[in-house]
Amino acid sequence: MRYWLAIPAAGLGQRLGAALPKQYLQVAGRSLLEWALAPFVGDPRCEGIVVALAADDRWWPQVRERLSRPLVEATGGAERSDSVRRALEALAARTEGDPWVLVHDAARPCVRLEEVDALLEAAARHEGGALLALPLVDTLKRQEDDPSGAAAIVARTEPRAGLWRALTPQAFRLRPLLAALQAAAAQGRAPTDEAQAIEWAGLGRPRLVPGAATNVKVTTPADLALVGLLLAQPGALPGASSIPAARR
Ligand code: CTP
Ligand code: MG
């Protein structure tokens, strides 16, 4: 199954608080963005890459020059969903038909080829799309409303059964996903993943595909340390040996 890769990479990384946007931080010899791209640039099913970038991005040209894939560039927006929408608008203007699109965060550098394979297999069977996700494993505590805000107190334990954490990549057909994101934007709503936009628009029943716990999103300094460990040791990231290195 052939697909286009869409990468939202227009964020500022404010919660990480580094001197540059987190997707350009170097970890184990490459930027997080290059790690995030790695399984796709070596995948013959990937027809091309569309990337959403911040208007003042100074770092992308160095990454771009090492990529041999067809590339479409778009300027990102205020929210992640705006960046994905703009990337897909740029792709839709340049592409015939209704290709599959895999949307993948630049901040997820540890995705495995096996996860991509599982996602594509599910998408091939479900026109409504599919996403990588992980069943929750921790016990869930609801915090009590504390007027003083001084301390977090347990109100109760929430049932965990049937709850998943949504990861990326997420696979949808270009035109319905773009229509769903445009509808959300027109309503002033910002879905936090592609599946939510599809759910809101009633345009499909996305399938949950079990991903790997190593598919970490870098949000905080602790996440950065974790992915540094995973990426520095090939054996620590199951299946990483099958991921071709990004062209340097
Ligand atoms: N993203 C984007 N456009 C935005 C916001 C986010 O393209 N307006 C991208 C980020 O670059 C990242 C992905 O969406 O690859 C996930 O977002 P997140 O982890 O929230 O990254 P940031 O927004 O950069 O981080 P923060 O929220 O801490 O500022
Ligand atoms: Mg953000």
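Predicted model, so just to flag it, every value in this text is computed and none were measured.

Draft legend 1. Just the site of ligand 1, in detail. In the region of ligand 1, 19 residues are neighbours, and Gly13, Gln14, Arg15, Ser83 and Lys217 sit closest. Interatomic distance of 2.7 Å between a backbone N/O atom of Gln14 and an oxygen atom of ligand 1. Taking Ser83, its side chain carries an N or O atom lying 2.7 Å from a nitrogen atom of ligand 1. When ligand 1 is considered free in solution it has 560 Å² of accessible area, and contact with the protein chains removes 88% of it. For ligand 1, the cavity whose grid points lie within 2 Å of the majority of its atoms is the largest pocket. Elements with a contribution of two residues or more to the shell around ligand 1: strand S1 (3–9) and helix H3 (80–94). Here the shell around ligand 1 is composed, by residue class, of 7 nonpolar, 6 polar and 6 charged.

Draft legend 2. Expanded view of the sheet that holds strand S5 (residues 71–75). Pairing within the open sheet is mixed, and its 7 strands lie in the order S5-S4-S1-S6-S10-S7-S11. Each of the sheet's edge strands pairs with one partner strand only, and the pair in question is S5 and strand S11 (207–210). Averaged over neighbouring strand pairs, the angle between their axes works out to 25° when direction is ignored. Lying on the sheet, helix H1 (residues 32–41) is in contact with S1, strand S4 (46–53), strand S6 (100–103) and strand S10 (164–173); it crosses S1 at an angle near 175°. On the sheet, helix H5 (residues 174–186) packs against S6 and S10 and is oriented at approximately 120° with respect to S10.

Draft legend 3. Seen up close, the side chain of Ser31. Positionally, Ser31 belongs in strand S3 (residues 30–31). Take Ser31: its relative accessible area is 2%, and that puts it in the buried class. Residues in contact with Ser31, not counting those within four places in the same chain, are Gln23, Tyr24, Leu25, Gln26 and Val63.

Draft legend 4. Seen up close, the environment of Val50. Within the fold, Val50 resides in strand S4. Using a relative accessible area of 0% as the deciding quantity, one classes Val50 as buried. Considered as a pair, Val50 and Ile7 are 43 residues apart in the sequence and their alpha carbons are 6.3 Å apart. Filtering out sequence-adjacent residues up to four positions away, Val50 remains in contact with Trp4, Leu5, Ala6, Ile7, Val72, Ala87 and Leu91.

Draft legend 5. Highlighting the layout of surface pockets. Here the largest pocket defines a volume of roughly 840 Å³. Around the largest pocket sit 33 residues that line it, and Arg15, Lys22, Arg80, Asp105 and Lys217 are the ones nearest its centre. Taken together, the elements giving at least two residues each to the lining of the largest pocket come down to S1, H3, S10 and helix H6 (194–201). The element that contributes the greatest number of residues to the lining of the largest pocket is S10, accounting for 4 residues. Grouping the amino acids of the lining of the largest pocket by side-chain chemistry returns 12 nonpolar, 12 polar and 9 charged.

Cut-offs used in this document
- Residues numbered from 1 in each chain as written.
- Chains lettered and ligands numbered in written order.
- Predicted model: local features only at pLDDT ≥ 70, side-chain atom pairs only at ≥ 80, totals over all residues.
- Heavy atoms only, no water.
- Near = heavy atom within 4 Å.
- Polar contact = N/O pair within 3.5 Å; in protein donor to acceptor, adjacent residues only side chain to side chain.
- Areas by Shrake-Rupley, 256 points an atom, 1.4 Å probe, with all protein chains shown as cover.
- 1 Å grid on protein atoms, 1.4 Å probe; cavity = no way out; pocket = protein on both sides within 12 Å on 5 of 7 lines; lining within 4 Å.
- Sits in = over half its atoms within 2 Å of the grid points.
- Helix = DSSP H or I, 4+ residues; strand = E, 2+ residues; numbered from the N terminus.
- Nonpolar A, V, L, I, M, F, W, Y, C, P; charged D, E, K, R; others polar.
- Pairing = 2+ DSSP bridges.
- Axes fitted to C-alpha atoms, helices over the stretch in contact; angles between N-to-C directions.
- Contact = heavy atoms within 4.5 Å.
- Buried < 20%, exposed > 50% of the residue type's maximum accessible area, 1.4 Å probe, protein only.
- Points joined across faces, edges and corners; volume = space filled by probe spheres on them.

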